[in-house]
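Here is what each chain is made of, one letter per residue.
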Amino acid sequence: MSAQTPATTVLVVDDDFMVAKLHSRCVTAMEGFTVAGVAHSGAEALRVAERVRPDLVLLDVYLPDMDGISVLRELRAAEERDPARTPVDALFITAARDAEVIRSALRAGALHYLIKPFNQAALQEQLRHVAALRTRLDTLSEARQEDVDQIFGTRPPGSRELPKGLAPHTAELVERVLRTHPEGLSATECAQAGALSRVSTRRYLEYFADTGRAEVTLKYGGTGRPERRYRWVG
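Residues numbered from 1 in each chain as written. Predicted model: local features only at pLDDT ≥ 70, side-chain atom pairs only at ≥ 80, totals over all residues. Heavy atoms only, no water.

1. Some points on helix H2 (residues 42–52)
Okay, so step 1: Residues Gly42, Ala45, Val48 and Ala49 constitute the buried set of H2. For H2, the buried positions fall inside an angular range of 125° around the axis, keeping them on one side. The outward face of H2, more than 90 degrees from its buried face, is lined by the exposed residues Arg47 and Arg51.
Okay, so step 2: On its buried side, H2 packs onto strand S1 (8–13), strand S2 (33–39) and helix H3 (68–81).
Okay, so step 3: The N-cap residue of H2 is serine 41: its side-chain oxygen and the backbone nitrogen of glutamate 44 are 3.2 Å apart. (Buried < 20%, exposed > 50% of the residue type's maximum accessible area, 1.4 Å probe, protein only. Helix = DSSP H or I, 4+ residues; strand = E, 2+ residues; numbered from the N terminus. Arc of directions from axis to C-beta. Contact = heavy atoms within 4.5 Å. Polar contact = N/O pair within 3.5 Å; in protein donor to acceptor, adjacent residues only side chain to side chain.)

2. With respect to the pattern of salt bridges
Okay, so step 1: For the structure shown, the criterion picks out 14 salt bridges.
Okay, so step 2: The residue lysine 116 makes a salt bridge to aspartate 60 at a minimum N-O spacing of 3.6 Å. Of this pair, lysine 116 sits in the loop between strand S5 (112–115) and helix H5 (120–139) while aspartate 60 sits in the loop between strand S3 (56–59) and H3, and the two are 56 residues apart along the sequence.
Okay, so step 3: Taken together, the shared-partner salt bridges connect Glu125, Arg128, Glu215 and Arg231 into one network. (Salt bridge = Lys/Arg side-chain N within 4 Å of Asp/Glu carboxyl O.)

3. Observations regarding the side chain of threonine 8
Okay, so step 1: As for its position among the elements, threonine 8 is in strand S1.
Okay, so step 2: Given the relative accessible area of 8%, threonine 8 is considered buried.
Okay, so step 3: Once residues lying within four places of it in the same chain are set aside, the contact partners of threonine 8 are Gly32, Phe33, Thr34, Asp55, Leu56 and Arg134.

4. Description of the packing of H3 against helix H4 (residues 99–108)
Okay, so step 1: One can describe the packing of H3 onto H4 by two numbers: an axis separation of 10 Å at closest approach and a directional angle of 10°. If you check the angle between H3 and H4, you find them roughly parallel. Where H3 crosses over H4, the handedness of that crossing is left-handed. Contact with H3, carried on its side by Ile69, Leu72, Arg73 and Arg76, involves Val101, Ser104, Ala105 and Ala108 of H4 and no other residues of that element.
Okay, so step 2: When the residues that make up the contact of H3 with H4 are grouped by side-chain class, the tally is 5 nonpolar, 1 polar and 2 charged. (Axes fitted to C-alpha atoms, helices over the stretch in contact; angles between N-to-C directions. Parallel < 35°, antiparallel > 145°, perpendicular 65-115°, else oblique. Left-handed = near helix turned anticlockwise from the far one by under 90°. Nonpolar A, V, L, I, M, F, W, Y, C, P; charged D, E, K, R; others polar.)

5. Here we look at the pairing of S5
It is a general feature of regular strands that their side chains alternate between the two faces of the sheet.
Okay, so step 1: Sheet topology note: the strand S4 (residues 89–94)/S5 ladder contains 4 bridges and is parallel. In the strand pairing of S5, phenylalanine 92 is matched with tyrosine 113. (Pairing = 2+ DSSP bridges.)

6. Considering the nonpolar core
Okay, so step 1: In terms of nonpolar packing, the biggest core is built from 22 residues, with Leu11, Val13, Val57, Leu59, Leu72 and Phe92 touching the most fellow members.
Okay, so step 2: Secondary structure elements with two or more residues in this core: S1, H2, S3, H3, S4 and H4.
Okay, so step 3: Sort the elements by how many residues they give to this core and H3 lands first, with 4 residues.
Okay, so step 4: Ignoring anything within four residues of it in the chain, the contact list for phenylalanine 92 reads Leu59, Asp60, Val61, Gly68, Ile69, Leu72, Ala105, Ala110, His112, Tyr113 and Leu114. (Core = buried A, V, L, I, M, F, W, Y, C linked by side-chain atoms within 4.5 Å.)

7. Quick notes on the confidence of the model for the protein
Okay, so step 1: For the protein, the mean per-residue pLDDT works out to 86, and 88% of the residues sit at or above 70.
Okay, so step 2: In this model residues 154–159 is a low-confidence stretch, pLDDT under 50, and it forms 5 contacts with partners more than four residues away in sequence or in other chains. (pLDDT = per-residue confidence, 0-100.)

8. Re H4
Okay, so step 1: Among the residues making up H4, those that are buried are Ser104, Ala105 and Ala108. One face of H4 carries all of its buried residues, which in axial projection span an arc of 100°. Away from the buried face of H4 by more than 90 degrees, exposed residues Leu106 and Arg107 are located.
Okay, so step 2: Those residues of H4 that are buried lie in contact with H3, S4 and S5.
Okay, so step 3: Where H4 begins, the side chain of aspartate 98 points an oxygen toward the backbone nitrogen of glutamate 100, at a separation of 3.0 Å.
Okay, so step 4: Looking one or two places after H4, you find glycine 109, whose phi comes out positive at around 105°.

Right, here's the structure in full:
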């Protein structure tokens, strides 16, 4: 996170004190995120949200006084009453598996829905996804269709239009190689795994990076330019 980019503030809401503590630790361990508050009931969540105005709320469905979806609806109502209020994003973390509950969470404006139990990596992946969405929206003044598809994730796989010179079957092959190597690959390693040329593979990798489906990190060695490594993020 750069010095100019403020941390994403998070409100953790769970009636189980230990679970709330675990989620808070997971958030704190993520670069670019900070825990702004913790609540163990719906009413407390609304009070804390009013005080700290978080960017993101991690919200359980099962709370002792009201369900988490009602909490989110109350937060949305508060935003409608105060147009100057910054809207909060919501990520449900719950054991509730009922399809109607999931549908209600979606309609209330949740970004995603994690079903307990899950490992820490799953939550951190969703936090990275939230950060990527926020960054993407903050840097857009006008969206292309592929930007909207990436944000909403609604276009079926394989239906995205590729730039001239890129072939769908090769794009699918490079995507498949990346998906099977979650630790990330260099262009050379990806080309070897897919039996493709490095130059061609690099074009597809850069296209995936430009459209937000691959994350690029730099690996510095002793001399020369740093190695670009690609990791599939969808």
